[in-house]
Amino acid sequence: MTDATLEIYLSDDDLTAALRSDARLGLTADPKWLPPKWFYDARGSELFERITELPEYYPTRTERALLERVVGEIARTAQSEVLVELGAGSAAKTRLLLTALTTEGPLKTYVPQDVSSSALRAAADDIAAEFPGLAVHGVVSDFTDTLHNLPRGGRRMIAFLGGTIGNLVPDERAEFLASIHEVLEPGEQLLLGAGLVIDPAVLVPAYDDAAGVTAEFNRNVLHVLNNRLDADFAPEKFEHIARWDAENEWIEMRLEATEAMTVHVRDLDLTVEFARGEQMRTEISAKFRLDGLTAELAAAGFRTEQTWTDPDNRFALVLAARN
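So, a few notes on the structure that sits alongside this text. Note that the structure is predicted; figures quoted are calculated from it, not measured.

Let's shift gears to the sheet that holds strand S2 (residues 82-85). Pairing within the open sheet is mixed, and its eight strands lie in the order S1-S4-S3-S2-S5-S6-S13-S12. The open sheet has two edge strands with one neighbour each: strand S1 (5-8) and strand S12 (302-309). Neighbour to neighbour, the strand axes of the sheet diverge by 20 degrees on average, direction disregarded. Along the sheet, helix H3 (residues 59-78) makes contact with strand S5 (156-160), strand S6 (189-195), S12 and strand S13 (315-322), crossing S13 at roughly 30 degrees. Together, S6, S12 and S13 form the strand contacts of helix H9 (residues 290-299), whose direction differs from that of S12 by roughly 155 degrees.

Right, here's the structure in full:
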C-alpha cells in the first residue's frame with residue numbers, strides 16, 4: 001500500500017491570524033459581515049453533515065446522484081493522471097471520481113487540499129488504504145490564496161465540487177478562477193460543481209430547514225469567535241435569516257440581533273455594538289445560469305468542454321479546459 005503524504009502550508013497560528021483579521025474587518029464594517037469559512041470548527045462540520053441529510057437540503061444528494069450518473073463519462077473525457085480536489089474534507093464524493101478515473105483512465109496521484117490537517121490526514125489515509133497503488137499527496141492550505149503550492153507534473157484535473165464556488169462574490173470568483181488558470185497548464189482541466197437558479201420556494205427552505213439545524217450552523221460562527229477570540233457573543237440572542245436576493249441571484253444567510261447588545265472580542269480589544277434588529281451577513285450562496293457560468297469560465301481563460309445537469313436542472317457539473 002502507498003502511504004499518504006502531507007504538505008502543510010497553513011498552521012493553527014496562521015488560521016488564528018486570518019480569523020483575527022476577518023473578524024476585525026467584518027465586525028467593524030457597516031453593515032457587519034463574517035466569511036462563511038469560520039462556520040467550520042469540529043462542531044460546525046458536524047452540523048453541516050447533518051444539514052446534508054435534511055429533506056429540504058437537496059444540493060448534496062443532487063450533486064452526488066449526478067456524479068454517479070456521469071462520472072464514467074467525465075473520466076473518459078478527462079484522462080487525468082492527477083486529481084486535485086479543493087476543499088476535500090472527508091473526500092466522500094471523491095471516491096466516485098477516483099474509482100472511475102482509475103478504471104477509465106491513467107490516474108496515478110490524488111491531491112486532496114483542505115484547511116484542516118487532522119481531517120485531511122484521516123481522509124488521505126483512508127483513500128490510500130482503499131486505492132492501493134494510488135499516490136496520495138495531501139496539501140494543507142487555504143485554496144483562496146495558496147494554489148501555487150499545488151504540485152505540478154502529470155495531466156491534472158482540479159475538482160471544486162459542492163457548489164462552494166457560490167460562496168464567492170463575483171469579483172472573488174473572477175480572481176479565484178484566474179488563479180486556477182494560472183496554476184494549470186494548457187489543456188489541463190477544472191471540474192466545477194455549481195448550484196443552478198431554481199424556484200425560491202424550493203431553494204430557500206434548503207437554507208432554512210424546519211428542524212433548525214441550519215440556524216444552529218449559522219450561529220456556530222459566534223461560538224467560534226467566542227472560543228477562538230475570547231468573545232462574549234450570546235448566540236441564542238441572534239435569529240437565523242435566509243433570504244433569496246433575486247437581483248444578485250444568491251441566498252444570503254444573516255444573523256439578526258433580537259435585542260440591543262454590546263459584545264466584547266477580548267483577543268482583539270474590540271467592542272462591538274448591535275442594535276435590535278441589526279443583521280450581519282454570514283454567507284452568500286450564489287446560484288448560476290449555465291450561460292453565465294460558462295461566460296465566467298471563458299473570461300478566466302477556460303473553454304467549456306462538457307456540461308451535465310440533473311433531471312430537475314438544480315445542479316450542474318462543468319468540465320472546462322485551460323486555454
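Moving on, we get to the pairing of strand S4 (residues 135-140). For S4, the tally of buried residues reaches five of six residues, placing the bulk of the element in the interior. Two strands pair when backbone bridges link them, and S1 and S4 are joined in this way by four bridges, in the parallel orientation. The residue bridging Leu 6 from the neighbouring strand is Gly 138, located in S4. Pairing of strand S3 (residues 109-114) with S4 involves four bridges; the strand directions are parallel. Counted as the bridge partner of Thr 109 is Ala 135 from S4. Taken together, S3, helix H5 (residues 117-130) and S4 constitute a β-α-β crossover, and its handedness is right-handed.

Another aspect to go through is the packing of aromatic side chains. This structure, assessed with the given rule, holds 13 aromatic pairs. Aromatic side chains Tyr 40 and Phe 217 sit 5.4 Å apart centroid to centroid with 65 degrees between the ring planes, which places their arrangement in the edge-to-face category. With Tyr 40 in the loop between helix H1 (12-27) and helix H2 (42-51) and Phe 217 in helix H8 (residues 213-229), the pair connects residues that are 177 residues apart, well separated along the chain. Taking the centre distance of 6.1 Å and the plane angle of 65 degrees together, the rings of Phe 233 and Phe 274 count as edge-to-face.

Attention now goes to unusual backbone geometry. Omega for the bond connecting Asp 30 with Pro 31 falls within 30 degrees of zero, at 5 degrees, which places this linkage in the cis form. Considering the arrangement of structural elements, one finds Pro 31 in the loop between H1 and H2. Residue Gln 79 is not a glycine yet carries a positive backbone phi of 50 degrees. As for its position among the elements, Gln 79 is in the loop between H3 and S2. With relative accessibility at 32%, the residue Gln 79 sits in the partly exposed group.

Parameters at a glance
Residues numbered from 1 in each chain as written. Predicted model: local features only at pLDDT ≥ 70, side-chain atom pairs only at ≥ 80, totals over all residues. Heavy atoms only, no water. Pairing = 2+ DSSP bridges. Helix = DSSP H or I, 4+ residues; strand = E, 2+ residues; numbered from the N terminus. Axes fitted to C-alpha atoms, helices over the stretch in contact; angles between N-to-C directions. Contact = heavy atoms within 4.5 Å. Buried < 20%, exposed > 50% of the residue type's maximum accessible area, 1.4 Å probe, protein only. Right-handed = clockwise from strand over helix to strand, strands pointing away. Phe/Tyr/Trp six-rings, centres within 6.5 Å; stacked < 30°, edge-to-face > 60°.

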